[in-house]
Amino acid sequence: MQLSLVVSVVTALVAASLVNAERHVIRFNNRCGKGTPRLIQAYSVLSTGGDFVSNGPFRAGIAYLQTGNCGFNGEGCSLVEMTLVNPVTPGTGSSSDISLIAPHAFSVPVSFSYFGGCDGQGRVCDHNGCNTAFYSPNDNQVQVQCQANDVNLLVTFC
């Protein structure tokens with residue numbers, strides 16, 4: 001009798017944890033007519049244009065449009081940086097930004113926007129010198145935070 005009770009409790013806990021599992025989607029929209037979107041995390045290519053699904057927190061990812069002129073980590077190109085995490089305390093949720101800090105440089109117009117939470121929040125950088133991108137590490141005002149669970153990110157080029 002006790003064994004079946006333990007099995008029932010463990011099964012219920014596992015089922016409950018699966019229902020509340022964290023999930024994020026990173027989606028690309030390449031309107032440039034050239035190039036291949038890249039999603040990189042920890043020196044690994046996770047996507048070359050298709051949706052990427054993270055079943056859990058997604059930290060320290062970068063995205064750029066590989067036009068043949070970008071280094072592996074987006075050097076020489078417009079870059080989107082993202083961390084997508086469910087907030088456990090106020091201010092600890094997702095954060096995304098556009099970076100043009102050297103060695104990155106404007107290469108194509110780029111934007112990002114959250115969906116599935118914080119809808120419509122994001123940034124657009126459509127020209128060199130836009131005021132919505134990092135140019136130095138102190139440009140923190142360009143980051144866009146989102147405190148919604150399971151938020152997704154759309155990255156658009158051109």
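For the structure, check the block above.
Everything numeric in this text was worked out from a predicted model, so none of it was measured. (Residues numbered from 1 in each chain as written. Predicted model: local features only at pLDDT ≥ 70, side-chain atom pairs only at ≥ 80, totals over all residues. Heavy atoms only, no water.)

Where do I start with the overall build of the chain in this structure?
In terms of helices and strands, the chain carries 1 helix and 12 strands. In the chain, the succession of α and β elements from N to C terminus is α-β-β-β-β-β-β-β-β-β-β-β-β. Within the chain, counting contacts between residues at least 6 apart in sequence, those at least 24 apart form 62% of the total. Roughly 8300 Å² of accessible area belongs to the chain as shown, and the carbon and sulfur atoms make up 55% of that amount. (Helix = DSSP H or I, 4+ residues; strand = E, 2+ residues; numbered from the N terminus. Contact = heavy atoms within 4.5 Å. Areas by Shrake-Rupley, 256 points an atom, 1.4 Å probe, with all protein chains shown as cover.)

Is there a simple way to think about the sheet that holds strand S4 (residues 52-54) in this case?
Pairing between sheet strands relies on hydrogen bonds along the backbone, with the strands arranged either parallel or antiparallel. Taken in spatial order, the 5 strands of this open sheet run S4-S1-S12-S8-S9, and their pairing is mixed. One side of each edge strand has no neighbouring strand; the edge strands of this open sheet are S4 and strand S9 (122-125). In this sheet, adjacent strand axes meet at a mean angle of 15° when their direction is disregarded. Here strand S1 (residues 24-30) pairs with strand S12 (residues 152-157) via 5 bridges, running parallel. Pairing of Asn30 across the sheet is with Phe157, part of S12. (Pairing = 2+ DSSP bridges. Axes fitted to C-alpha atoms, helices over the stretch in contact; angles between N-to-C directions.)

Explanation requested: the nonpolar core in the structure shown.
If you look at the biggest cluster of nonpolar residues, it comprises 28 residues, and the most contacted ones within it are Ile26, Leu39, Val80, Met82, Tyr114, Val155 and Phe157. Val80 has contacts with Gly61, Ile62, Ala63, Asp97, Ile98, Val110, Phe112 and Val155, leaving out every residue within four places of it along the chain. Judged by nonpolar contacts, the second largest core, of 6 residues, contains Ile40, Ile62, Tyr64 and Cys77. (Core = buried A, V, L, I, M, F, W, Y, C linked by side-chain atoms within 4.5 Å. Buried < 20%, exposed > 50% of the residue type's maximum accessible area, 1.4 Å probe, protein only.)

Sorry, what's going on with the side chain of Glu22 here?
Relative to the elements of secondary structure, Glu22 occurs in the loop between helix H1 (2-19) and S1. Buried within the structure, Glu22 lacks any salt-bridge partner; Arg59 is the closest side chain of opposite charge, at an N-O distance of 6.6 Å. Of note is the side chain of Glu22, whose polar atom sits 2.7 Å from the side chain of His24. Polar contacts involving the side chain of Glu22 include one to the main-chain amide nitrogen of Asn86, which spans 2.8 Å. With near-sequence residues (within four places) excluded, Glu22 lies in contact with Ser54, Asn55, Gly56, Pro57, Leu84, Val85, Asn86 and Asp150. (Lys, Arg positive; Asp, Glu negative; His and termini not counted. Salt bridge = Lys/Arg side-chain N within 4 Å of Asp/Glu carboxyl O. Polar contact = N/O pair within 3.5 Å; in protein donor to acceptor, adjacent residues only side chain to side chain.)

What is the right way to look at the environment of Gln147 in this model?
Checked against the element boundaries, Gln147 lands in the loop between strand S11 (144-146) and S12. On a C-alpha basis, the gap between Gln147 and Gly93 in space is 4.8 Å, while along the polypeptide they are 54 residues apart. Ignoring any residue separated from it by four or fewer positions in sequence, one finds Gln147 in contact with Pro87, Thr89, Pro90, Gly91, Thr92, Gly93 and Cys118. In this structure the side chain of Gln147 is engaged in a polar contact, spanning 3.5 Å, whose partner is the backbone nitrogen of Thr92. Separated by 3.3 Å, the side chain of Gln147 and the backbone nitrogen of Gly93 make a polar contact.

Even after reading the chapter, I still don't get the side chain of Thr132, so can you show me in this structure?
Here Thr132 lies in the loop between S9 and strand S10 (133-134). Engagement of the side chain of Thr132 in a polar contact is seen with the backbone oxygen of Val124, the distance being 2.5 Å.

What is the right way to look at the environment of Phe106 in this model?
Take Phe106: it is sitting in the loop between strand S7 (94-99) and strand S8 (110-115). The class of Phe106 is partly exposed, set by a relative accessible area of 24%. Along the chain, Phe106 and His127 lie 21 residues apart, while their C-alpha atoms are 7.3 Å from each other. When neighbours within four sequence positions are excluded, Phe106 is seen to be in contact with Ser78, Leu100, Cys125, Asp126, His127 and Asn128.

Taken by themselves, the reported measurements are silent on function.
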